[in-house]
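# Close look at the chain arrangement
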Amino acid sequence: MSNISTPDAKLDLRGTPCPINFVRTKLRLEQMPPGALLEVWLDPGEPIEQVPDSLTMAGYSIEHIAPVASYYCLLVRCPLSTA
């Protein structure tokens, strides 16, 4: 049984190098309403090692990270408030 919510949007960043994948993720999250959930697909290695930590430091909540075939699925929640 899974408690994972259905994402409000998806972003496929496979093949996108660091830090461009973080920048694109952050820009997409900034366009989403508070509390929205974004599913991001990232490559193994540096992207999955760096992007979740960078997003956490920027104030976003990482809800789930899971390996899927040759990439990782990351679920990121927009904060309810920017205050």
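Note: the structure precedes this text.
These lines cover the structure that appears in this document, whether it is placed above or below.

Calculation rules
- Residues numbered from 1 in each chain as written.
- Predicted model: local features only at pLDDT ≥ 70, side-chain atom pairs only at ≥ 80, totals over all residues.
- Heavy atoms only, no water.
- Axes fitted to C-alpha atoms, helices over the stretch in contact; angles between N-to-C directions.
- Helix = DSSP H or I, 4+ residues; strand = E, 2+ residues; numbered from the N terminus.
- Parallel < 35°, antiparallel > 145°, perpendicular 65-115°, else oblique.
- Left-handed = near helix turned anticlockwise from the far one by under 90°.
- Contact = heavy atoms within 4.5 Å.
- Nonpolar A, V, L, I, M, F, W, Y, C, P; charged D, E, K, R; others polar.
- Expected span 1.5 Å × (residues − 1).
- Buried < 20%, exposed > 50% of the residue type's maximum accessible area, 1.4 Å probe, protein only.
- Arc of directions from axis to C-beta.

### Re the packing of helix H1 (residues 20–30) against helix H2 (residues 46–57)
Running from N to C, H1 and H2 cross one another at 40°; their axes reach a closest spacing of 10 Å. Here H1 lies oblique to H2, going by the angle between them. Here the hand of the crossing between H1 and H2 comes out right-handed. Side by side, H1 and H2 meet where Asn 21, Phe 22, Thr 25 and Leu 29 of the first sit next to Pro 47, Val 51, Ser 54 and Leu 55 of the second. Split by residue class, the contact of H1 with H2 holds five nonpolar, three polar and no charged.

### Looking at H2
Compared with an ideal rise of 1.5 Å per residue, which puts twelve residues at 16 Å, H2 spans 17 Å between its outermost C-alpha atoms and is within 8% of the ideal. For H2, the complete set of buried residues consists of Pro 47, Ile 48, Val 51, Pro 52 and Leu 55. Viewed along the axis of H2, the buried residues span an arc of 105°, placing them on a single side of the element. Turned more than 90 degrees from where H2 packs its buried face, Glu 49 and Met 57 sit exposed. Following H2 by one or two positions, Gly 59 adopts a phi angle in the positive range, close to 100°.

### Some thoughts on unusual backbone geometry
Omega for the peptide link from Cys 18 to Pro 19 comes to 0°, which places this bond in the cis form. By secondary structure assignment, the location of Pro 19 is in the loop between strand E1 (9–12) and H1. Positioned with a positive phi, Ala 69 is a non-glycine residue whose angle comes to about 50°. Secondary-structure assignment places Ala 69 in the loop between strand E3 (61–68) and strand E4 (71–77).

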